[in-house]
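Residue strings, one per chain:
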Amino acid sequence: MGRLADIMKSHHGMTIAEDQERMLMSDLHAIMKVNETMNLTRILSEEGGMVLHLEDSLAGLPYVQDAPDGLYGDLGTGGGFPGIPLCIMTGRKTLLVDSVQKKVRALQGVASDLGLGDKVDIYAGRIEDLALERPGEFSVLTARALSSLGSLMELASPLLKKRGRLVCYKAQPSDDEIEVALGIQELVGLRLLSKDDFSLSDGSTRCIFVFEKAADPRIRLPRRIGMAQKDPLRPRH
Ligand code: SAH
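My aim in this report is to walk through the structure given alongside it, one point at a time. (Residues numbered from 1 in each chain as written. Predicted model: local features only at pLDDT ≥ 70, side-chain atom pairs only at ≥ 80, totals over all residues. Heavy atoms only, no water.)

1. With respect to the overall build of the protein chain
A count of helical and extended segments in the protein chain gives 11 helices and 7 strands. The C-alpha atoms of the protein chain give a radius of gyration of 17 Å, which matches the 18 Å a tight globule of 237 residues would have. Counting only C-alpha atoms and orienting by the principal axes, one finds that the protein chain spans roughly 50 × 35 × 30 Å. When the 237 residues of the protein chain are sorted by exposure, 54% land in the buried category. Put simply, 68% of the contacts in the protein chain that link residues at least 6 apart link residues at least 24 apart. Per element, the accessible surface of the protein chain, about 10800 Å² overall, is 48% carbon and sulfur. Of note, the protein chain has its 30 positive side-chain charges centred 6 Å away from the centre of its 33 negative side-chain charges. (Helix = DSSP H or I, 4+ residues; strand = E, 2+ residues; numbered from the N terminus. Rg over C-alpha atoms; globule rule 2.2 N^0.38 Å. Buried < 20%, exposed > 50% of the residue type's maximum accessible area, 1.4 Å probe, protein only. Contact = heavy atoms within 4.5 Å. Areas by Shrake-Rupley, 256 points an atom, 1.4 Å probe, with all protein chains shown as cover. Lys, Arg positive; Asp, Glu negative; His and termini not counted. Charge placed at Lys NZ, Arg CZ, Asp CG, Glu CD.)

See the structure below:
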């Protein structure tokens, strides 16, 4: 067993097959390589990347596995986290979404080199535009280091099928952020299913929120480009 599989077993009770571990490490190495010429991530060391990218990404695996079968999308994928690791583990058809063209194009190359060419597609554009093109097509979405919970809920809702899941990776959400998220559930048609706190092997704390698409939103989504992040919804009293 390699270091990564060992960490996932001992800290998260998760078993990773040898070939999956090999692919995960290849992904990290490929991203580090691309990072030499393009700013995909701040994390540069292999040790740091293994924990903060691979271990953290894999922490969301059970929630993605739990979602209904079908298309998976990683919103604001950046260097392909958690999208590529979760594609490796689930074998789901995966769409990596980011508005920065050159980032997603580099990811397409990384995915093909990993032998994931038939599983991974890219969308170089805004999440709001994807929602106009492919409404209701996704069974599960993830988002890490993208926006506040409320903004993520608003961006994700029009993309999700009924009963589809939104898995939000958070470091330290503030009380206010959580209050807003809980307060806009009906407005955007999502319902909180679970909130789990855990630590990574380096001791840093994380939190994963899972929402389910429960109903049609009460308002028309997506709103105008940028609104979800610049002028987030607030609970209506
Ligand atoms: N998920 C990655 C990257 C986070 S950085 C990780 O955790 O490492 C956030 C990324 O989201 C950036 O690459 C940015 O280009 C993208 N992004 C932000 N808002 C977006 C939007 N509305 N539509 C598409 N991509 C967006």
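2. Let's talk about the site of the ligand
Around the ligand, 16 residues are found, and the nearest of them are Gly76, Phe81, Asp98, Lys103 and Arg144. Here Glu128 contributes a side-chain N or O atom positioned 3.3 Å from a nitrogen atom of the ligand. With respect to the ligand, the side chain of Gln229 contributes an N or O atom lying 3.0 Å from a nitrogen atom. The class makeup of the residues in the shell around the ligand is 5 nonpolar, 6 polar and 5 charged. (Near = heavy atom within 4 Å. Polar contact = N/O pair within 3.5 Å; in protein donor to acceptor, adjacent residues only side chain to side chain. Nonpolar A, V, L, I, M, F, W, Y, C, P; charged D, E, K, R; others polar.)

3. Describing the sheet that holds strand S7 (residues 205-213)
Reading across the sheet, the 7 strands line up as S3-S2-S1-S4-S5-S7-S6 and stay open at both edges, with mixed pairing between neighbours. For this open sheet the edge positions go to strand S3 (120-124) and strand S6 (190-199), each flanked by a neighbour on one side alone. Ignoring strand direction, the axes of neighbouring strands in this sheet form an average angle of 20°. Each of strand S4 (138-144), strand S5 (160-170), S6 and S7 touches helix H3 (residues 46-58); the most contacted strand, S4, lies at about 145° to it. (Pairing = 2+ DSSP bridges. Axes fitted to C-alpha atoms, helices over the stretch in contact; angles between N-to-C directions.)

4. Focus: the packing of helix H1 (residues 3-12) against helix H2 (residues 18-35)
With their axes 9 Å apart at the nearest point, H1 and H2 run at an angle of 110° to one another. On the basis of the axis angle, H1 is roughly perpendicular to H2. Contacts between H1 and H2 involve Arg3, Leu4 and Ala5 from the former and Glu21, Leu24 and Met25 from the latter. Along the lines of polarity and charge, the residues of the contact of H1 with H2 split into 4 nonpolar, no polar and 2 charged. (Parallel < 35°, antiparallel > 145°, perpendicular 65-115°, else oblique.)

5. Considerations on the pattern of salt bridges
Throughout the structure, instances matching the rule amount to 15 salt bridges. Among the salt bridges present, the one from Arg134 reaches Glu137, with a minimum N-O distance of 2.8 Å. Classification of Glu137 by relative accessible area gives partly exposed; the value is 32%. Of the charged contacts in the structure, one is a salt bridge between Arg223 and Glu154, with a shortest N-O distance of 2.7 Å. One end of the pair, Arg223, is in the loop between S7 and helix H11 (227-230); the other, Glu154, is in helix H8 (residues 149-156), and 69 residues separate them in sequence. (Salt bridge = Lys/Arg side-chain N within 4 Å of Asp/Glu carboxyl O.)

6. Some points on H3
With 10 of its 13 residues buried, H3 lies for the most part within the structure. Within H3 the residues assigned to the buried category are Gly48, Gly49, Met50, Val51, His53, Leu54, Glu55, Asp56, Ser57 and Leu58.

7. Regarding the pairing of S3
One ladder, built from 5 bridges, connects strand S2 (residues 94-98) with S3; its direction is parallel. From the neighbouring strand, Leu96 faces S3, where its bridge partner is Ile122. Traced from S2 through helix H6 (residues 101-113) to S3, the parallel crossover comes out right-handed. (Right-handed = clockwise from strand over helix to strand, strands pointing away.)

8. Quick notes on unusual backbone geometry
The peptide bond linking Phe81 to Pro82 adopts the cis configuration, its omega dihedral lying at 5°. Tracing the sequence through the fold places Pro82 in the loop between strand S1 (72-75) and helix H5 (83-90). Cis geometry marks the peptide bond from Leu221 to Pro222, where omega comes out at -5°. With respect to the helices and strands, the residue Pro222 is situated in the loop between S7 and H11.

9. Things to note about the pairing of S6
Here S6 pairs with S7 via 9 bridges, running antiparallel. Paired with Leu192 across the strands is Phe211, a residue of S7. Two successive antiparallel strands, S6 and S7, enclose a turn made up of 5 residues, where Gly203 displays a positive phi of approximately 95°.

10. Things to note about the side chain of Thr94
By the element assignment, Thr94 lies in strand S2. What makes Thr94 buried here is its relative accessible area of 2%. Only 2.9 Å separates the side chain of Thr94 from the backbone oxygen of Arg92, close enough to count as a polar contact.

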